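Coordinates in review
Chain by chain, the residues run as shown.
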Amino acid sequence: MNQDLIDAAVELADALARENEALTRLDLARAAAMLGAKQRAAAAFEQARTAVPHAAEHGQPPVAREVERQLAALAEENRRLLERAIRVQRRIIGTVASALPRTETAGGYRPDGALTRGRRVPAFALSARA
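Residues numbered from 1 in each chain as written. Predicted model: local features only at pLDDT ≥ 70, side-chain atom pairs only at ≥ 80, totals over all residues. Heavy atoms only, no water.

**Details of the side chain of Asn 20**
If you trace the backbone, Asn 20 turns up in helix H1 (residues 3–24). Classification of Asn 20 by relative accessible area gives buried; the value is 2%. Side chain to side chain, Asn 20 and Glu 77 meet in a polar contact 3.4 Å long. Sequence-distant contacts of Asn 20, defined by excluding residues within four places in its chain, comprise Leu 74, Glu 77, Asn 78 and Leu 81. (Helix = DSSP H or I, 4+ residues; strand = E, 2+ residues; numbered from the N terminus. Buried < 20%, exposed > 50% of the residue type's maximum accessible area, 1.4 Å probe, protein only. Polar contact = N/O pair within 3.5 Å; in protein donor to acceptor, adjacent residues only side chain to side chain. Contact = heavy atoms within 4.5 Å.)

So this is what it looks like as structure tokens:
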């Protein structure tokens with residue numbers, strides 16, 4: 001395991017840990033802002049990993065296997081937390097959508113047979129900032 005690979009692994013582990021911490025707190029805006037850093041760290045790690053020719057043929061030293069195990073654990077936690085964040089977002093969107101007044105899209109008929117006009121719903125906006 002060369003120094004470039006070690007540095008890339010540390011950078012990727014740090015990026016995953018920071019994003020996992022934000023996702024644990026459901027700070028989704030902060031987690032989303034970290035996406036670019038995580039992608040760059042993953043690309044740098046992959047590049048450093050593939051730059052060492054025939055490393056797999058010679059077997060990995062114990063420290064490399066441990067680093068690989070830790071990165072896999074962080075990535076698995078990241079996947080789990082991202083799935084949880086998606087479920088939470090869906091619930092929030094569903095709650096907001098169900099609270100909105102319904103509009104009549106096709107109109108209807110009054111008891112006297114005349115057509116009714118759909119009611120107008122005033123425009124409004126929601127903000128995710130706290």
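From this point on, the discussion continues.
**Some details on the pattern of salt bridges**
As enumerated under the stated definition, the model contains eight salt bridges in all. The partner of Glu 76 in a salt bridge is Arg 79, and the shortest N-O contact between them spans 2.2 Å. Within this pair, Glu 76 and its partner Arg 79 are both found in helix H4 (residues 62–99), separated by three residues, close to a single helical turn. Glu 76 sits in the partly exposed class, given a relative accessible area of 40%. Its salt-bridge partner being Glu 83, residue Arg 79 comes within 2.8 Å of it at the nearest N-O pair. Linking Arg 79 with Glu 83, this pair stays in helix H4, spanning four residues, or about one helical turn. Given the relative accessible area of 38%, Arg 79 is considered partly exposed. A relative accessible area of 37% places Glu 83 in the partly exposed class. Each of the salt bridges in this network shares a partner with another, and the network as a whole consists of Glu 21, Arg 25 and Arg 30. (Salt bridge = Lys/Arg side-chain N within 4 Å of Asp/Glu carboxyl O.)

**Observations regarding the nonpolar core**
Among the nonpolar cores identified, the biggest contains eleven residues, and these are Leu 5, Ala 8, Ala 9, Leu 12, Ala 15, Leu 16, Ala 41, Phe 45, Ala 48, Leu 71 and Leu 74. Of all the secondary-structure elements, those providing two or more residues to this core are H1, helix H3 (35–51) and H4. Here this core gets six residues from one element, more than from any other, and that element is H1. In contact with Ala 15, other than residues within four places in its own chain, are Ala 37, Lys 38 and Ala 41. Membership of the second largest hydrophobic core comes to six residues, among which are Ala 22, Leu 23, Met 34 and Leu 81. (Core = buried A, V, L, I, M, F, W, Y, C linked by side-chain atoms within 4.5 Å.)

**Considering the environment of Glu 66**
Within the fold, Glu 66 resides in helix H4. For Glu 66, a relative accessible area of 32% translates into the label partly exposed. At 2.6 Å, the side chain of Glu 66 forms a polar contact with the side chain of Arg 69.

**A look at the environment of Ala 128**
Looking at the element boundaries, Ala 128 is found in the segment after strand S2 (115–116). A relative accessible area of 85% means that Ala 128 is categorised as exposed.

**A few points about a nonpolar patch on the surface**
Residues Ile 92, Val 96, Leu 100 and Leu 126 make up a contiguous nonpolar surface patch of roughly 330 Å² in combined accessible area. Note on placement: Ile 92 falls in helix H4. For Ile 92, a relative accessible area of 43% gives the class partly exposed. (Patch = residues over 30% accessible without salt bridge, like charges linked within 9 Å, V, L, I, M, F, W, Y side chains within 5 Å. Areas by Shrake-Rupley, 256 points an atom, 1.4 Å probe, with all protein chains shown as cover.)

**Let's talk about the packing of H1 against H4**
Running from N to C, H1 and H4 cross one another at 25°; their axes reach a closest spacing of 9 Å. With respect to each other, H1 and H4 are oriented roughly parallel. Crossing handedness for the pair H1 and H4: left-handed. Contact residues: H1 offers Ala 9, Leu 12, Ala 13, Leu 16, Ala 17, Glu 19, Asn 20, Leu 23 and Thr 24, while H4 offers Val 67, Leu 71, Leu 74, Ala 75, Glu 77, Asn 78, Leu 81, Leu 82, Arg 84 and Ala 85. Considered class by class, the residues forming the contact of H1 with H4 number 13 nonpolar, three polar and three charged. (Axes fitted to C-alpha atoms, helices over the stretch in contact; angles between N-to-C directions. Parallel < 35°, antiparallel > 145°, perpendicular 65-115°, else oblique. Left-handed = near helix turned anticlockwise from the far one by under 90°. Nonpolar A, V, L, I, M, F, W, Y, C, P; charged D, E, K, R; others polar.)

Note that every value here comes from positions in space, so none of it alone points to a role or purpose.
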